[in-house]
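Each chain, written out:
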Amino acid sequence: TLTYWSVFFSFGLCIAFLGPTLLDLRCQTQSSLSQITWVFFSQQFCLLLGSCLGGVFKRTLAQSLFALFASSLAISLVFAIIPLCHNVVVLAVVMAVAGLAMGCIDTISNMQLVKIYQKDSAIFLQALHFFVGFGALLSPLIADPFLSDTNCILSNSTANASSNLPHIRKSLVPHHPGNLSHYDLPMKGMVVTRVSYAFWIMALINLPVPIAVFFLLYKERMVPCFNGSSHPLLSADELAMETRPVDKDELSTPGQRHQAAGGHDDLLSCCQSRNFRGASYTYFAVHVTGALVLFMTDGIVGEYSGFVYSYAVEEPLAVVHKVAGYLPSLFWGFITLGRLISIPVSYRMKPSTMVFINVVGVLVTFLLLLIFSSSVVFLFVGTASLGLFLSSTFPSMLAYTEDILQYRGCATTVLVTGAGIGEMVLQLLVGSIIHDRGSYSFLVCGMIFGCLAFTFYAFLVFFHRMYPKPSPELDDASPDKAAVADDTGQYQR
């Protein structure tokens, strides 16, 4: 469990560094602002692709751990290689590799914790997603001392361009580069940047993570030539906290282990027709509505963190650029705080209740932001409130949906994919709407997305009530059993 949490720390460390360091990377690659912002797209697109394909490696514990080892090691190598990338295309390719690694980590870590703890997984998923926020807070803090205070390409126009640098840097948030076409910075000249040290420090900080995954492989006797002396770790049945009605020895046959392990295939396997035969319509409805809730809520995370700064500096608020720059940090800080608070709360509260509080809180916060749209103070209060309510939505929804499906569907894969698509699509949508309709539409869009998230959650609760209750022994002709994909079990070597 600690290993899976640490791997998610790598995910968070890699997701947030690009925004504040992008100007120094522009100097390093001597590219234009419009060229360097394509690095954002390469990372986000490949993150989504990696999330879709991550389930391919879940069929055995060995495949999952080797994939996590390769992904976490790839992130350390990416941090070490970035200072050597002096061409923007090479940098985009390197960030694409990082995106694929992050996507695999996202899917596999969620899947493995759900498989191990099942009905007890909520508290462990809350802790897992806390480590994302912790890593996302840490990487900008590491980079900040090494960022250039003036333009890092010295030329005749440096003095004029440097006055815009703080404004541009705050526009380059991790999730959306913004419209930077009207800024003119020199592309040729002597490069003076120290940002390489930040990346090498992050590479060293992340290095214990692949070592921890390798140690877990060693303890599970999966490392060639080192499989004779170590004692294997506890099984999933021994790790789970709840008292089950059946003894672990009763799940010794392959068929029973298959039934207990559940689905959790990759996206392509989930879409195969063999998974649909005999399944009720509520089986599909739970997957779709759960994914749509996260499509909206994760999309809100992306669009709010990406555009709150631009909204704050425009009329009627006209917040000072330096003050407005704290808004994305405040948002991510309260997301991290909310995930920390959710760890003990999830032990006492059902995931369905937590999701209800989250979506209602998001809806009420956007409503108040619209009512007090001329108040700078309430913008900061609302940003913090929104971060708190959005913080635990993903792990709570994942635990709730998997619980409905008795851990035999493809919920983890579908939900991770839906969240990733929402984060990309809603950013692009809101960006184009703000460009056409003005900054006030930023809050209107958030309100609409919040209403849709609440609506889809209501449909999910309805389909949960319609979903067939589990019987003590699933019959071979049961629709739910027919909907299960072939699985060899988590602990098959």
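Everything discussed here concerns the structure shown above.
The following paragraphs examine the structure supplied in this document. Values in this document were obtained by computation on a predicted structure and should not be read as measured data.

1. Observations regarding the overall build of the protein chain
Part 1 of the argument: Across its full length, the protein chain carries 23 helices and two strands.
Part 2 of the argument: Sorting the 493 residues of the protein chain into buried and exposed places 57% on the buried side.
Part 3 of the argument: Here the analysis covers contacts within the protein chain between residues at least 6 apart in sequence; of these, 83% occur between residues at least 24 apart.

2. Description of the packing of aromatic side chains
Each pair of aromatic rings is reported with the distance of its centres and the angle of its planes.
Part 1 of the argument: Tallied over the full model, the rule gives 28 aromatic pairs.
Part 2 of the argument: For the ring pair Phe356 and Phe454, a centre distance of 6.5 Å and an interplane angle of 50° mean the geometry is tilted. Of this pair, Phe356 sits in helix 18 (residues 351-371) while Phe454 sits in helix 22 (residues 441-466), and the two are 98 residues apart along the sequence.
Part 3 of the argument: The class for Phe356 is partly exposed, based on a relative accessible area of 40%.
Part 4 of the argument: Since its relative accessible area comes to 29%, Phe454 is described here as partly exposed.
Part 5 of the argument: Three or more aromatic residues link up through ring pairs in this structure, and these residues are Trp5, Phe9, Tyr117, Phe124, Phe130, Phe131 and Phe134.

3. Considerations on the packing of helix 7 (residues 121-143) against helix 10 (residues 195-206)
Part 1 of the argument: Two numbers describe how helix 7 lies on helix 10: the axes approach to 9 Å, and their chain directions differ by 140°. With respect to their mutual orientation, helix 7 and helix 10 come out oblique. Here helix 7 runs over helix 10; the crossing is right-handed. Together, Ser139, Ile142 and Ala143 of helix 7 and Ala198, Ile201, Met202 and Ile205 of helix 10 make up the contact between the two elements.
Part 2 of the argument: Across the contact of helix 7 with helix 10, the residue classes tally to six nonpolar, one polar and no charged.

4. A word on helix 10
Part 1 of the argument: In this model helix 10 runs 17 Å from its N-terminal to its C-terminal C-alpha over 12 residues, within 8% of the 16 Å that 1.5 Å per residue would give.
Part 2 of the argument: All of the buried residues along helix 10 are Val195, Ser196, Ala198, Phe199, Met202, Ala203 and Asn206. Each buried residue of helix 10 lies within a common arc of 160° when the element is viewed along its axis, so the set occupies one face.

5. Considering the environment of Phe57
Part 1 of the argument: Within the element layout of this structure, Phe57 appears in the loop between helix 4 (38-53) and helix 5 (61-81).
Part 2 of the argument: Residue classification places Phe57 among the partly exposed positions, given a relative accessible area of 34%.
Part 3 of the argument: A sequence separation of 47 residues divides Phe57 from Cys104, and the C-alpha atoms of the two residues are 8.6 Å apart.
Part 4 of the argument: Each residue touching Phe57, except ones within four places of it in the same chain, is listed here: Gln63, Ser64, Ala67, Cys104 and Ile108.

6. Remarks on unusual backbone geometry
Apart from glycine, the bulk of residues carry a negative phi angle, and the bulk of peptide bonds sit in the trans form.
Part 1 of the argument: Despite not being glycine, Gln30 has its phi angle at roughly 50°, a positive value.
Part 2 of the argument: On the basis of relative accessibility, which here comes to 28%, the residue Gln30 falls in the partly exposed class.
Part 3 of the argument: We note that Ala318 has phi near 50°; this positive angle belongs to a residue other than glycine.

7. Considering the side chain of Ser392
Part 1 of the argument: Here Ser392 shows up in the loop between helix 19 (376-391) and helix 20 (393-404).
Part 2 of the argument: Using a relative accessible area of 3% as the deciding quantity, one classes Ser392 as buried.
Part 3 of the argument: Sequence-distant contacts of Ser392, defined by excluding residues within four places in its chain, comprise Gln126, Ser342, Met354 and Asn358.

8. Observations regarding the environment of Ile205
Part 1 of the argument: Tracing the backbone through its elements, the reader meets Ile205 in helix 10.
Part 2 of the argument: In this structure, the C-alpha to C-alpha distance between Ile205 and Leu13, residues 192 residues apart in sequence, is 9.4 Å.
Part 3 of the argument: When sequence neighbours within four positions are dropped, the list of residues in contact with Ile205 reads Phe9 and Ile142.

9. With respect to empty space enclosed by the protein
Part 1 of the argument: A full pass over the atoms with the stated rule returns one cavity of 30 Å³ or more.
Part 2 of the argument: Taken as a whole, the largest cavity spans an internal volume of roughly 390 Å³.
Part 3 of the argument: Forming the walls of the largest cavity are 22 residues, and the residues nearest its centre are Phe11, Ile15, Asp106, Asp298 and Glu423.
Part 4 of the argument: Secondary-structure elements contributing two or more residues to the lining of the largest cavity are helix 1 (2-15), helix 4, helix 7, helix 15 (281-313), helix 17 (326-348) and helix 21 (411-437).
Part 5 of the argument: Examining the composition of the lining of the largest cavity, we find that five residues originate from one element, helix 21, more than from any other.
Part 6 of the argument: For the lining of the largest cavity, the per-class residue count stands at 13 nonpolar, five polar and four charged.
Part 7 of the argument: When residues are assigned to domains, the lining of the largest cavity turns out to be shared by domain 1 (1-152 + 190-224) and domain 2 (280-469), each giving three or more.

10. Some remarks on the packing of helix 18 against helix 20
Part 1 of the argument: In the contact formed by helix 18 and helix 20, the axes pass within 8 Å of each other and the chain directions differ by 140°. Considering the angle they form, helix 18 stands oblique to helix 20. Once helix 18 is placed against helix 20, the crossing between them reads as left-handed. Side by side, helix 18 and helix 20 meet where Pro351, Ser352, Met354, Val355 and Asn358 of the first sit next to Thr393, Ser396, Met397, Ala399 and Tyr400 of the second.
Part 2 of the argument: Counted by class, the contact of helix 18 with helix 20 contains six nonpolar, four polar and no charged residues.

11. Focus on a nonpolar patch on the surface
Part 1 of the argument: Residues Trp38, Phe41, Phe45, Leu49, Leu53, Val56, Phe57 and Leu100 make up a contiguous nonpolar surface patch of roughly 720 Å² in combined accessible area.
Part 2 of the argument: The leading source of residues in the nonpolar patch is helix 4, at five residues.
Part 3 of the argument: Relative to the assigned elements, Leu49 resides in helix 4.
Part 4 of the argument: The partly exposed category is assigned to Leu49, whose relative accessible area is 37%.

12. Let's talk about the environment of Leu363
Part 1 of the argument: As for its placement among the helices and strands, Leu363 is situated in helix 18.
Part 2 of the argument: Spatially, the C-alpha atom of Leu363 lies 9.5 Å from that of Leu452, the residues being 89 residues apart in sequence.
Part 3 of the argument: Aside from chain neighbours lying at most four places away, what touches Leu363 is Met447, Gly450, Cys451 and Phe454.

13. Regarding the side chain of Ser31
Part 1 of the argument: On the secondary structure map, Ser31 appears in the loop between helix 2 (18-29) and helix 3 (33-36).
Part 2 of the argument: When its relative accessible area of 2% is taken as the criterion, Ser31 is described as buried.
Part 3 of the argument: Within the local environment of Ser31, its side chain forms a polar contact with the side chain of Thr29, the two groups lying 2.9 Å apart.

14. Looking at helix 21
Part 1 of the argument: When the terminal C-alpha atoms of helix 21 are compared, their 37 Å separation across 27 residues agrees well with the 39 Å that a helix rising 1.5 Å per residue should span.
Part 2 of the argument: A positive backbone phi angle near 100° is found at Gly438, which sits one or two residues after helix 21.

The rules behind the values
Residues numbered from 1 in each chain as written. Predicted model: local features only at pLDDT ≥ 70, side-chain atom pairs only at ≥ 80, totals over all residues. Heavy atoms only, no water. Helix = DSSP H or I, 4+ residues; strand = E, 2+ residues; numbered from the N terminus. Buried < 20%, exposed > 50% of the residue type's maximum accessible area, 1.4 Å probe, protein only. Contact = heavy atoms within 4.5 Å. Phe/Tyr/Trp six-rings, centres within 6.5 Å; stacked < 30°, edge-to-face > 60°. Axes fitted to C-alpha atoms, helices over the stretch in contact; angles between N-to-C directions. Parallel < 35°, antiparallel > 145°, perpendicular 65-115°, else oblique. Left-handed = near helix turned anticlockwise from the far one by under 90°. Nonpolar A, V, L, I, M, F, W, Y, C, P; charged D, E, K, R; others polar. Expected span 1.5 Å × (residues − 1). Arc of directions from axis to C-beta. 1 Å grid on protein atoms, 1.4 Å probe; cavity = no way out; pocket = protein on both sides within 12 Å on 5 of 7 lines; lining within 4 Å. Points joined across faces, edges and corners; volume = space filled by probe spheres on them. Domains from an automatic or database assignment. Patch = residues over 30% accessible without salt bridge, like charges linked within 9 Å, V, L, I, M, F, W, Y side chains within 5 Å. Areas by Shrake-Rupley, 256 points an atom, 1.4 Å probe, with all protein chains shown as cover. Salt bridge = Lys/Arg side-chain N within 4 Å of Asp/Glu carboxyl O. Polar contact = N/O pair within 3.5 Å; in protein donor to acceptor, adjacent residues only side chain to side chain.

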